[in-house]
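Structure at a glance
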Amino acid sequence: MTYAITQTCCNDATCVAVCPVNCIHPTPEERAFGSTEMLHIDPRACIDCGACADACPVDAIFPVDSLSAGQREYADINAAYYEGGEPAPGTTEGPNFHAWGEPVFGRSLPSDFGPLRVAVVGTGPAGMYAAQDLLLHTAAEVTLIDRLPVAGGLVRYGVAPDHPATKKVGDTFSRFHSHPRVRMHLGIEVGRDVTAEELAAHHDAVIYAVGASTDRRLGIPGEDGPGCLSATSFVAWYNAHPEAVAQGVDLSAERVVVVGNGNVALDVARILVADPEALAGTDIAAHALEALRASRVREVVVLGRRGPEDAAYTRSELLALKHLPGVELVVDDHDPRTGAAIDASGAGDRAALLRGLARVRTDAVAPTTPDGAARRIVLRFHSGPVEILGDGDVRTVRVTDGGGGAVDLAAGMLLRAIGYRGLPVPGLPFDEASGTVPHEGGRVAGLPGGYVVGWIKRGPSGGIGANRTCAAETVGTLLADAVAGVLPAPTGDARAFRRLARRRNRRVVDARGLAAIDRAERDRGRRDGRPRVKLATVEELVATARAGRLPRLSR
């Protein structure tokens, strides 16, 4: 029996480090690392030890013989990655299975290297991987800062609620929230409550992990009207983001058009047609669950400008749609290039996953189906939006037909999911073209002691695990600067920064307040048979943090 990596692979390579036979690839040392959709286990070399499954932070690794019917394809995906290649060397000679190379010491610091005080702005995966690196490999003191009064970032507010295994990486990060060398200031925004200069004055270095919080626009007429939303705001709405809770989402139309062919586009399409009762066992926002229960949406048309061979979604996300109960996945064959690409695709091609799906023509008017009837997702390739028409709201989306013309699709809402974009951070340089902060190996250009990690560093590419290697590079650059003695000396200490932060914002949440929020949400979830019920407003979060803080423990 061998193990296989499945849909929720986060690519952070924790499994690679514990595999005794080096059968998981690509590794961080290999050129292909970061370019593949997931990691793969070589079934010819796996010795069934289970170390990878134990180490996986998102529960993505299972024995092949325990895979469900919907997961069996992942055994083939893992095996196909190694077709034509040799199995990992050194697997038949013991007791050491690895063919060991020269030792590598990624963190080599002088014996007299003193503790640094580092601020990390942003508590999503990028920021927490950076904090984890500093806490595990140095004696650094870390100040965690977030503009929201709760930690989590993308894990809390970006991962779809029906992907609970992916959210488990948050448990790995949360153990650092109460670390003795961590100080937490949640609800503090750089540029609003404190300046970048003030932050730098109280720390040896500052790492900005602020992500890419806005979305790219379509640039077509009607885009700013009611009923045309960004996937960013829709995802925030169903994940109970405090800045999206007040935004109502009208689900009264039978058809929704989603523009984009990436994983986010498939996420929002899946949530729109999923069985609300299946979502009731997740941490989806209560207001979103109520709206989905009353939803009249029966069809979601997903538009992609390019063909199925060039789609940006991962195989794993598409496979999840193929096995969604009560939902039919079909391909619109309005353009002959779509069917030709599917029919000509090889076994390992992305388009091959669409073989066997029904091919239909999307009618101008949404199909009328009775409540409880099967819902469907239509993948329409070689088609993009031209104009959004309606009298005060979305009524029609005009899309290209692949032959130089256009057709009108009746729809009640359009969601654009064509990519994220970073926003400027006051006090830092910013590249408008890429939506990132200019840097060299994570070192902010022209800002000594300033560093970036995550999407604000490299642009909106790569999943949760990609931030681990990204953070390792940034932390390595920071430590090299510290050893070289080029970091500016801070003029204030941790206590002075705490006083400054609380003077500027009386509603700051610390680690004890965050723990109180977590307890309250889990308690609410237990009453409803859910993992947690999120507090959905800043006021609720702050009030809960204040009311439920534990007595201060002496250190």
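Scroll up to find the structure this text is about.
Conventions and cut-offs
Residues numbered from 1 in each chain as written. Predicted model: local features only at pLDDT ≥ 70, side-chain atom pairs only at ≥ 80, totals over all residues. Heavy atoms only, no water. Helix = DSSP H or I, 4+ residues; strand = E, 2+ residues; numbered from the N terminus. Buried < 20%, exposed > 50% of the residue type's maximum accessible area, 1.4 Å probe, protein only. Contact = heavy atoms within 4.5 Å. Areas by Shrake-Rupley, 256 points an atom, 1.4 Å probe, with all protein chains shown as cover. Salt bridge = Lys/Arg side-chain N within 4 Å of Asp/Glu carboxyl O. Disulfide = S-S within 2.5 Å. Arc of directions from axis to C-beta. Pairing = 2+ DSSP bridges. Axes fitted to C-alpha atoms, helices over the stretch in contact; angles between N-to-C directions. Patch = residues over 30% accessible without salt bridge, like charges linked within 9 Å, V, L, I, M, F, W, Y side chains within 5 Å. Lys, Arg positive; Asp, Glu negative; His and termini not counted. Charge placed at Lys NZ, Arg CZ, Asp CG, Glu CD. Parallel < 35°, antiparallel > 145°, perpendicular 65-115°, else oblique. Left-handed = near helix turned anticlockwise from the far one by under 90°. Nonpolar A, V, L, I, M, F, W, Y, C, P; charged D, E, K, R; others polar.

Here we look at the overall build of the protein
Along the backbone of the protein there are 19 helices and 23 strands. With respect to the principal axes defined by its C-alpha atoms, the protein has extents near 70 × 65 × 50 Å. The buried share of the protein, reckoned over its 555 residues, is 52%. Summarising the internal contacts of the protein: among those between residues at least 6 apart in sequence, 75% fall at separations of at least 24. Surface exposure of the protein reaches about 24,200 Å², of which carbon and sulfur atoms provide 52%.

Section: the pattern of salt bridges
Scanning the entire structure with this criterion turns up 37 salt bridges. Three or more residues are tied together by salt bridges with common partners; here these are Arg156, Asp518, Glu521, Arg522 and Arg532.

Points about the state of the cysteines
When the sulfur atoms of two cysteines share a covalent bond, that bond is a disulfide. By the definition in use, this model includes zero disulfides. The thiol of cysteine 9 is unpaired, and the distance to the nearest cysteine sulfur, on cysteine 10, comes to 6.0 Å. Accessibility expressed as a relative area gives 17% for cysteine 9, which makes it buried. Left unpaired, cysteine 23 is separated from the closest cysteine sulfur, that of cysteine 19, by 3.6 Å. Accessibility expressed as a relative area gives 4% for cysteine 23, which makes it buried.

Points about helix 19 (residues 538-547)
Listed in full, the buried residues belonging to helix 19 are Leu541, Val542, Thr544 and Ala545. On an axial view of helix 19, the arc spanned by its buried residues comes to 165 degrees, and they lie on one face. Turned more than 90 degrees away from the buried face of helix 19, the exposed residues are Arg546 and Ala547.

A closer look at the sheet that holds strand 18 (residues 406-410)
Strand order in the open sheet made by the three strands is 16-17-18, with antiparallel pairing throughout. Both outer strands of the open sheet, strand 16 (385-389) and strand 18, are each paired with one neighbouring strand and no more. Strand-to-strand twist in this sheet, taken as the mean axis angle between neighbours without regard to direction, amounts to 20 degrees. Direction of pairing for strand 17 (residues 396-400) relative to strand 18: antiparallel, over a ladder of five bridges. Counterpart to arginine 398 in the pairing with strand 18 is aspartate 408.

Considering a positive patch on the surface
The grouping of Arg495, Arg498, Arg499, Arg503 and Arg506 at the surface amounts to a positive patch. Following the sequence through the fold, arginine 495 ends up in helix 17 (residues 494-504). Residue arginine 495 is classed as exposed on the basis of its relative accessible area, which comes to 63%.

So, the environment of alanine 466
Relative to the elements of secondary structure, alanine 466 occurs in helix 16 (residues 466-484). Alanine 466 sits in the partly exposed class, given a relative accessible area of 24%. Taking the C-alpha atoms as reference points, alanine 466 and asparagine 11, 455 residues apart in sequence, are found 6.1 Å from one another. Sequence-distant contacts of alanine 466, defined by excluding residues within four places in its chain, comprise Cys10, Asn11 and Arg458.

A few points about the sheet that holds strand 19 (residues 413-416)
Working definition: the strands of a sheet are paired by backbone hydrogen bonds and lie parallel or antiparallel to each other. Judged by pairing direction, the sheet is parallel, and its seven strands sit side by side in the order 10-19-11-12-15-13-14 without closing on themselves. At either end of the open sheet lies a strand with only one pairing partner, and these are strand 10 (228-230) and strand 14 (358-360). Between one strand axis and the next, the sheet turns through 25 degrees on average, direction left out of account. As defined by bridge partners, strand 13 (residues 327-332) adjoins strand 15 (residues 375-380) across six bridges and the pair is classed as parallel. Pairing of aspartate 332 across the sheet is with arginine 380, part of strand 15. Packing of helix 9 (residues 231-238) onto the sheet brings it into contact with strand 10 and strand 19, and relative to strand 10 it is tilted by some 75 degrees.

Topic: the packing of helix 9 against helix 10 (residues 263-273)
Interaxial distance between helix 9 and helix 10 falls to 11 Å at its minimum, and their mutual angle equals 45 degrees. Between helix 9 and helix 10, the interaxial angle falls into the category oblique. Handedness of the crossing formed by helix 9 with helix 10: left-handed. Residues Ala231, Phe234, Val235 and Tyr238 of helix 9 touch helix 10, and the partners they reach there are Val264, Asp267, Val268, Ile271 and Leu272. Of the residues in the contact of helix 9 with helix 10, the class split is eight nonpolar, no polar and one charged.

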